[in-house]
Amino acid sequence: MSLILIHKTAGLRSIGALLWLLTASAVAQNVDLSTVPPRDTVQLTIYNSADLTLVRETRTLSVKPGINPLQFSWANTLIDPTSVELRFVNHAAELTVLDARFPHDKPQMLYWDVQSQFEGAATVEISYFTSGIRWAADYTAMADPAEKTLTLDSFVRVYNNAGEDYERAQVRLVVGTINLVEEIAALARAREQQQLPASLPEEDYRQANKQAMRRLEAKDEMMAGSVMAAPAVAMMAPKAVAKESLSEYFLYTIEGTETIPNGWSKRLRSFKATGIPIQVEYRYRPVEYGDQLVRLYLLRNDKLSKLGSTPLPDGSLRVFRDNGRDGLSYLATQALQYVPIGDKIELNLGADPEVIFELVKQKVWRDNLLMQLRGANVYQKLGNGMQFEVDSQVAGWDEHALYDQRISNYSKQPITIEIRRSYAGDVVFRSKLEPVLHDFQTVQYKAVLAAGEKKDLYHEIIERQGKNAKKRNIEILNTVVTAP
Amino acid sequence: MLKHASVPVLLVSCLMLAVPPAVQARIKLITLPIRERVEIQLEHPAVTLVEEERIVPLVAGENQVDFSWANTQIDAVTILLRILAPDEEAVRLLSVSYPPGENALIWQVAAKQAGSARMRISYVLTGLQKRFSYRALTSQDEKTLHWSQYLAVENYANEEYPSSGIWVGVGGHLSRPLNMGETRQVLLNDYPSVALQKTYTADLQAYGYLNEAAQKLRVPMHYVLKNDAAHQLGQFALPAGKVRIFQADNSGGSAFIGEDWGQFTPLDDELKLYLGLAQDIVVKRTIEKSEQQVVAGNLYRHKVVIKYEIENFKNAPLTLDVREDVRALRNQLRGDNGRDVAWTLGEDTSFPGGLNPEKSTYQQLVFQAPLPPRQADGQAKKIVHRLALWLDNEWQ
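Residues numbered from 1 in each chain as written. Chains lettered and ligands numbered in written order. Predicted model: local features only at pLDDT ≥ 70, side-chain atom pairs only at ≥ 80, totals over all residues.

## A closer look at the overall build of chain B
When helices and strands are tallied, chain B shows 3 helices and 28 strands. Its C-alpha atoms put chain B at 100 × 65 × 35 Å along the principal axes. Counting across all 396 residues of chain B, residues that qualify as buried make up 33%. Within chain B, contacts between residues at least 6 apart in sequence are counted, and of these 66% link residues at least 24 apart. (Helix = DSSP H or I, 4+ residues; strand = E, 2+ residues; numbered from the N terminus. Buried ≥ 20, exposed ≤ 12 C-beta atoms within 10 Å, placed from the backbone. Contact = placed C-beta atoms within 7 Å.)

If you want it as structure tokens, here you go:
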């Protein structure tokens, strides 16, 4: 994109590095001279919850008293034209934007007429929204061989597909969800689609050529980093990523500046935390993890866990373990959901072949049968020597099922297992497993197994059926249940 | 960016930062550090992790370490660089850049002074996979078998690994070259005398009739290996794989007697290998009695007696496992009411030892019937057992 100051008189004044002679400007029908002031600074504020980046760039113009037409164009980029704003960083009292005009035949261009009361250099800030730039967090977690502590590397990766090279840009990343009523990409396309097809004017060809040249150079500039002309012997540190909270959001500011050409992405470390204490737990929660016993690393995003300086944004997290043989074992990849400061982090490692978890239904029986006389609203319990009419039918009963939850721990570590099972209806959970209710229809209990230990966790489920069902929740009975 | 025909390539170029960028693009010094060590981690059931170590020469200041690959399926998002030596004070990873449309990335690495750094690059690779297979050689008496576990590593990753450490999670650490397109098989574990049980099973629901009109059941044979120390296994879970079974013959050789897919067998669990149908065991199953008793109204109690007439025409005694699926039985006799079967065993059940409590569940009943060998006159003794069941509290 470019900003062009158009000189309607013959007085030549070069502000930027490049001079273009416009032969068919929409503003000036005759021969015009324009200057292209380069960016002095550029700041990208990239949101991860929407396809939105706020770009602020400053450029220095030379203005003369009177009206100074400014052309701002953004061919082949994804800028929302409704968001483009011009602000004067200095001489604000002497400079006024009279109007902004969007020419009908040039979709990605606008003109500002700036009224100046002085002659000299003025710094302007142009801000706009663009789509096509995004960032994402990702993480690498590495457990020690004993699985007592974890090293967590957090990274941020910025992707630039906005159609524009951003050179030496200050990069700020926003963590948090924002509301947009229209997509920036749609707004960027909207005006372009309103235009009739037309051949590109010569100026656009020049711009395209210029951009292509800049792109060729950009890769090497980026490779060189933004620390230009630093002494070769100086030891450079990874860029620090400063974190600050902002209302409901968190703002990450990457130290220094970055050059990210169009089409490229760049990944930087956000933070590294070592010695994070972890707890290993096994869980059976079919609603959350499917019908399998899974192994988890549990940790917290807090100071005690050597974390807690920032929320952890959504991102892909890969888990490895130092296998103790001078190598790594790949354990899992999972999508980490946003973790606020202080909240717990669960890393699901999947099933563990060294822990066998099997539920065996061992016996079924029914009792407390309730009979209804056919055609009458009369019910009687079966038993107690009561005589029943032949013309009666079962209206209620208690269905008993005896289960053995078999667990074998073949790992070399003691393990803790948490089990949750849900039951619908009027249910009694009878056992000595010290269960608790996770919710009105879910029972939770725990078991601890030493290395090599096997356990049979017997429990009985009584489901009250038909007319016997009086409620829709679980009653816990703390009584001994043994093998049949 | 230079690119090799197939392999991941590591290039190091030294940036002369005092030189303007336009000049850098034209003058580059590139070194090609070779792999010092490769470890292939195959223990995960679905993912292959490759770790390669390279000695990377660095100049003082910032260095580009360019990692690119072609024709290999490296999962780019899993690529991980760790600098093993020297420490972070001397060499640091600054950032990673990803060029568009290329299988490549560029690490920016800062070095305090010129020298070499030992770097380990890890990535998940598709096309390099493992396969397990087994060879079982049973003794003539079929009491023990020689159990050999083989690992085959198939290298279809379009990449050479001339010298690689291989770890599959079971057995020891292996060191083998893996050439492109090659499958390399190694003997991973060898157990010369694993205790073996041969089983014969009568189970209508699972295996059906041999002759339905005559009510004769199929009798499948299995070898059962228990994966525990008592049976000379039990060091690791047994991964799934094909099992080829041979039996020692009288001439010191062996004969192939069949094969089966061995399922994943955790520690302490049983591996069952199907051998085929026994021709010399005849089991006739008849429902001798089926009658319902009214308890009240539409509530019934149903008495069932199943008779098994069993003949063993083999010269050796054996034990037949008899299995009944009570739900299938109830559905056959009374129709399916959608409820589990509440059953009690009748007193006239004749199987010695009664119900096998370890193998039975609420639905599957398992009994054992010891069978004597064929008699001296060549006739098989007919053994008759009955299973008596009450199907309690049944109604439609």
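Next, the rest of the story.
## A short note on the overall build of chain A
Counting secondary structure elements, chain A contains 3 helices and 31 strands. Here chain A holds 484 residues, and the buried ones make up 37% of them. For chain A, contacts bridging at least 24 residues in sequence account for 73% of all contacts bridging at least 6.

## Some remarks on the sheet that holds strand β16 (residues 197-203) of chain B
All names here are of chain B. In space, the 5 strands of this open sheet follow the order β22-β19-β16-β25-β27, with mixed pairing throughout. Only two strands of the sheet have a single neighbouring strand rather than two, namely β22 (270-277) and β27 (364-371). Taking the axes of each pair of neighbouring strands and ignoring which way they run, one obtains an average angle of 30 degrees across the sheet. Where strand β19 (residues 220-226) lies against β22, 7 bridges are found, and the strand directions are antiparallel. Paired with L225 across the strands is L271, a residue of β22. The sheet contacts of helix α3 (residues 326-334) involve β25 (318-325) and β27, and relative to β25 the element is tilted by about 55 degrees. (Pairing = 2+ DSSP bridges. Axes fitted to C-alpha atoms, helices over the stretch in contact; angles between N-to-C directions.)

## Section: the domain arrangement of chain B
All names here are of chain B. For chain B, the assigned domains read domain 1 (9-126), domain 2 (127-277) and domain 3 (281-394). Computed over C-alpha atoms only, the centres of domain 2 and domain 3 are separated by 32 Å. Domain 2 puts 12 residues into the contact, and the matching count from domain 3 is 14 residues. Sorting the residues of the side of domain 2 that touches domain 3 by element identifies β16, α2 (204-207) and β18 (216-217) as the ones contributing at least two each. Among the elements that line the side of domain 2 that touches domain 3, the one with the most residues is β16, at 5 residues. Residue composition of the side of domain 2 that touches domain 3, by class: 6 nonpolar, 4 polar and 2 charged. (Domains from an automatic or database assignment. Nonpolar A, V, L, I, M, F, W, Y, C, P; charged D, E, K, R; others polar.)

## Re the environment of I383 of chain B
Within the secondary structure, I383 of chain B is located in strand β28 (residues 382-394). Among residues more than four places away in sequence, those in contact with I383 of chain B are I310, A369 and L371 of chain B.

## Details of α3 of chain B
Residues and elements named next belong to chain B. All buried positions along α3 are accounted for by V326, L329 and R330. Looking straight down α3, one finds that the buried residues subtend no more than 95 degrees of arc, so they occupy a single side. Each element contacted by the buried residues of α3 is listed here: β24 (299-312), β25, β26 (342-345), β27 and β28. Note on α3: the residue one or two positions beyond its end, G335, has a positive phi of about 90 degrees. (Arc of directions from axis to C-beta.)

## Brief notes about the confidence of the model for chain A
Residue and element names in this part refer to chain A. Mean pLDDT over chain A stands at 83; residues scoring 70 or higher make up 82%. Every residue in residues 9-30 is under pLDDT 50, and counting partners more than four places away or in other chains gives 41 contacts. With pLDDT under 50 throughout, residues 223-233 is counted as low confidence; its partners more than four residues away or in other chains account for 26 contacts. (pLDDT = per-residue confidence, 0-100.)

## Points about the sheet that holds strand β18 (residues 279-284) of chain A
All names here are of chain A. In space, the 6 strands of this open sheet follow the order β22-β19-β18-β26-β29-β28, with mixed pairing throughout. One side of each edge strand has no neighbouring strand; the edge strands of this open sheet are β22 (344-350) and β28 (436-439). Each strand axis lies, on average, 35 degrees off the axis of its neighbour in the sheet, ignoring direction. One ladder, built from 5 bridges, connects β18 with strand β19 (residues 294-300); its direction is antiparallel. By the bridge assignment for β19, R283 is matched with V294.

## Brief notes about the pairing of strand β26 (residues 415-422) of chain A
Residues and elements named next belong to chain A. Of the two faces of β26, the one lined by I415, I417, I419 and R421 is fully buried and the one lined by T416, E418, R420 and S422 carries no buried residue. Relative to strand β29 (residues 442-449), β26 runs antiparallel, the two being bridged by 8 bridges. In the strand pairing of β29, I417 is matched with A447.

## A closer look at the domain arrangement of chain A
Interfaces are often sized by the amount of accessible area the parts lose when they come together. Residue and element names in this part refer to chain A. Taken as a whole, chain A is organised into domain 1 (2-42 + 51-133), domain 2 (272-350) and domain 3 (355-478). Taking the mean C-alpha position of each, domain 2 and domain 3 sit 34 Å from one another. Facing 6 residues of domain 2, the contacting portion of domain 3 comprises 8 residues. For the side of domain 2 that touches domain 3, the per-class residue count stands at 3 nonpolar, no polar and 3 charged.

## Concerning the nonpolar core
One finds L44, I46, A141, L150, V156 and L173 of chain A together with V109 of chain B to be the most contacted residues of the largest nonpolar core, which totals 126 residues. Here the element with the most residues in this core is strand β11 (residues 133-143) of chain A; it accounts for 7 residues. Formed by 29 residues, the second largest nonpolar core is a distinct cluster that contains A202, V304, F367 and L371 of chain B. (Core = buried A, V, L, I, M, F, W, Y, C linked by C-beta atoms within 7 Å.)

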